[in-house]
Amino acid sequence: MRHFFLLWAACLGMLVPASAFAQLSSHTPQTQIRYSNEHPLRYRIADLDPRLKISQQQMIELSQQAAAIWAKDTGQHYFVYDPEAKFAIHLVFDQRQVRSMKRSEHLNQLEQEQQNWLEQNQQLQQLKENIVRSATQLELQKIEYQHNNQKYQQSLQKLKASAQNQKQVAQLAQQQQSLQQQASDLQHKVTAHQQLIQQYSAQTEKSKQLYQQLSESVATFNQTFKPQVLHKGQFDGQQIFIYEFSSIDDLRLTLAHEFGHALGLKHTQNPKSLMYPRIKEQDARDFQLTDTDLELLGFSRE
């Protein structure tokens, strides 16, 4: 479902175990890195608005995960949490975050509608398969009945043309009874098959209605939440502000991105890098510094 919607501007994840640290590059980094193991940036978490539904402890852990993204491949602990630090991280609750929360809520509703439609289609497919099986069985049963009825009619004609005897009459009577039972079974089968067809028609109509509802919801969503250039985060030289995030993973990557600016790093042209200015190809759940990010720090994977 999320492929229905356009990407938003962002400042950006999760850590991946690295087998070894990256090596110092032979060339000098393009920017002067402000912090290091010996001189890390000490930061604290400012007061949190309860409407964000994130506790202080959760935010501390999240900030440490964001800092660890920079440490994983470099071995450099650039950032240290310190509740007494002057440098603060602020989560701002304003119309940008309200819009993001509403967008996430509507998106969840859309995904639920889509899931309902998919489940309906699965039931429809199963019903269609049942109809095919029923039609095959019905045809075979008809053929068998017609064959037995033909044999009965032939036997009846022979009986009329010859002298009747008690044994032949009994056999024909038995065949007639068997045919009557077959005809009754066949009629039940026809009725059941027709009911399947009626059920399929009703389910098809329901599926169409669900799809129409889903299409209208998507159109409403796209109209309500038109793509906007949203500055998700900002580093102003003294502190970090986070203005909008759509999930915990998104918040982690946004904070890690702003940590990069605090280091002195600029935006990159690599859509997969942490310092790219928009959410595009980064994996927020399982992020690892790219070669582009490492080069900004003066490291390489060589």
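Residues numbered from 1 in each chain as written. Predicted model: local features only at pLDDT ≥ 70, side-chain atom pairs only at ≥ 80, totals over all residues. Heavy atoms only, no water.

Colleague: Looking at this structure, how should I read helix H4 (residues 248–263)?
Modeller: Spacing of three or four residues puts side chains on the same side of an α-helix, whose turn is 3.6 residues. The end-to-end C-alpha distance of H4, which contains 16 residues, comes to 23 Å, matching closely the 22 Å that a straight helix rising 1.5 Å per residue would cover. Within H4, 15 of the 16 residues are buried, which leaves the element mostly enclosed by the surrounding structure. Gly264 lies just past H4 and shows a positive phi near 110°. (Helix = DSSP H or I, 4+ residues; strand = E, 2+ residues; numbered from the N terminus. Expected span 1.5 Å × (residues − 1). Buried < 20%, exposed > 50% of the residue type's maximum accessible area, 1.4 Å probe, protein only.)

Colleague: What am I meant to see in the side chain of His257 here?
Modeller: Along the chain, the position of His257 falls in helix H4. Looking at His257, the relative accessible area reads 0%, which means it is buried.

Colleague: Looking at this model, I keep getting lost on the confidence of the model for the protein chain. Mind explaining?
Modeller: Low-confidence regions, as indicated by low pLDDT, have predicted coordinates that should not be scrutinised in detail. On average, residues of the protein chain score 84 in pLDDT, and 87% of them reach the 70 mark or higher. Contacts for the low-pLDDT stretch residues 1–19, under 50 throughout, to residues beyond four places or in other chains number 86 contacts. (pLDDT = per-residue confidence, 0-100. Contact = heavy atoms within 4.5 Å.)

Colleague: Is there a simple way to explain the packing of helix H1 (residues 56–72) against H4 in this structure?
Modeller: Think of two packed helices as two axes; the pair is described by the angle between the axes and how far apart they sit. Look at H1 against H4: their axes get within 8 Å of each other, and the N-to-C directions meet at 55°. On the basis of their axis angle, the class for H1 and H4 is oblique. Here the hand of the crossing between H1 and H4 comes out right-handed. Only Ile248, Leu251, Arg252, Leu253, Leu255, Ala256, Phe259, Gly260 and Leu263 of H4 make contact with H1, whose side of the interface consists of Met59, Leu62, Ser63, Gln65, Ala66, Ala67, Ile69 and Trp70. In terms of residue class, the contact of H1 with H4 is made up of 13 nonpolar, three polar and one charged. (Axes fitted to C-alpha atoms, helices over the stretch in contact; angles between N-to-C directions. Parallel < 35°, antiparallel > 145°, perpendicular 65-115°, else oblique. Left-handed = near helix turned anticlockwise from the far one by under 90°. Nonpolar A, V, L, I, M, F, W, Y, C, P; charged D, E, K, R; others polar.)

Colleague: It is not clear to me how unusual backbone geometry should be interpreted in this structure. Could you clarify?
Modeller: For residues that are not glycine, phi is negative in most cases, and the peptide bond is trans in most cases. For Lys53, which is not glycine, the phi dihedral falls at a positive 60°. If you trace the backbone, Lys53 turns up in the loop between strand E2 (41–45) and H1.

Colleague: Can you help me understand the packing of helix H2 (residues 95–161) against helix H3 (residues 166–224) in this one?
Modeller: Orientation of H2 relative to H3, taken along the N-to-C sense of each, is 160°, at an axis distance of 7 Å. Taken together, H2 and H3 sit at an angle that is classed as roughly antiparallel. Between H2 and H3 the crossing geometry is left-handed.

Colleague: Would you mind going over the pairing of E2 with me for this structure?
Modeller: Put simply, side chains in a regular strand alternate between the two faces of the sheet. Residues Leu41, Tyr43 and Ile45 line the buried face of E2, whereas the alternating positions Arg42 and Arg44 sit on a face that is not buried. Where E2 meets strand E3 (residues 79–81), three bridges bridge the pair, whose relative direction is parallel. Bridge assignment links Tyr43 to a residue of E3, and that residue is Tyr81. (Pairing = 2+ DSSP bridges.)

Colleague: Got a minute to help me understand the pattern of salt bridges in this structure?
Modeller: Where charged atoms of side chains with opposite charge meet at close range, the side chains can pair. Going through the model one piece at a time under the given rule, you end up with six salt bridges. Between Asp49 and Arg51 there is a salt bridge whose closest N-O contact spans 2.8 Å. Through salt bridges with shared partners, a single network forms among Lys232, Glu244 and Asp250. (Salt bridge = Lys/Arg side-chain N within 4 Å of Asp/Glu carboxyl O.)

Colleague: Just to check I follow, could you spell out the sheet that holds strand E6 (residues 239–242) for this structure?
Modeller: Through backbone hydrogen bonds, the strands of a sheet pair up, either in parallel or in antiparallel fashion. Taken in spatial order, the five strands make up an open sheet running E3-E2-E4-E6-E5, and their pairing is mixed. Only two strands of the sheet have a single neighbouring strand rather than two, namely E3 and strand E5 (233–235). Sheet twist, expressed as the mean angle between neighbouring strand axes with direction ignored, is 25°. Two strands pair when backbone bridges link them, and E5 and E6 are joined in this way by three bridges, in the antiparallel orientation. When the sheet's bridge partners are listed, Phe235 is paired in E6 with Ile240. In the packing of H1 onto the sheet, the strands contacted are E2, E3 and strand E4 (87–91), and the crossing angle to E2 comes to about 150°.

Colleague: Before we go on, may I ask you to explain the pairing of E4 in this structure?
Modeller: Burial runs high along E4: four of the five residues are buried. Pairing of E4 with E6, which is carried by four bridges, proceeds in the parallel orientation. Pairing of Leu91 across the sheet is with Ile242, part of E6.

Colleague: How should I be thinking about the nonpolar core in this particular structure?
Modeller: One recurring pattern in soluble globular proteins: nonpolar side chains tend to sit buried together. Residues Met59, Trp70, Leu91 and Phe259 are the most contacted members of the largest nonpolar core, which totals 41 residues. Counting only elements with at least two residues in this core, the list comes to E2, H1, E4, E6, H4 and helix H5 (291–297). Beyond its immediate sequence surroundings of up to four residues, Leu91 is in contact with Leu48, Leu52, Ile54, Met59, Ile242, Phe245 and Leu251. Counting residues in each nonpolar core, the second largest holds five residues, with Leu107, Leu214, Val218 and Phe221 among its members. (Core = buried A, V, L, I, M, F, W, Y, C linked by side-chain atoms within 4.5 Å.)

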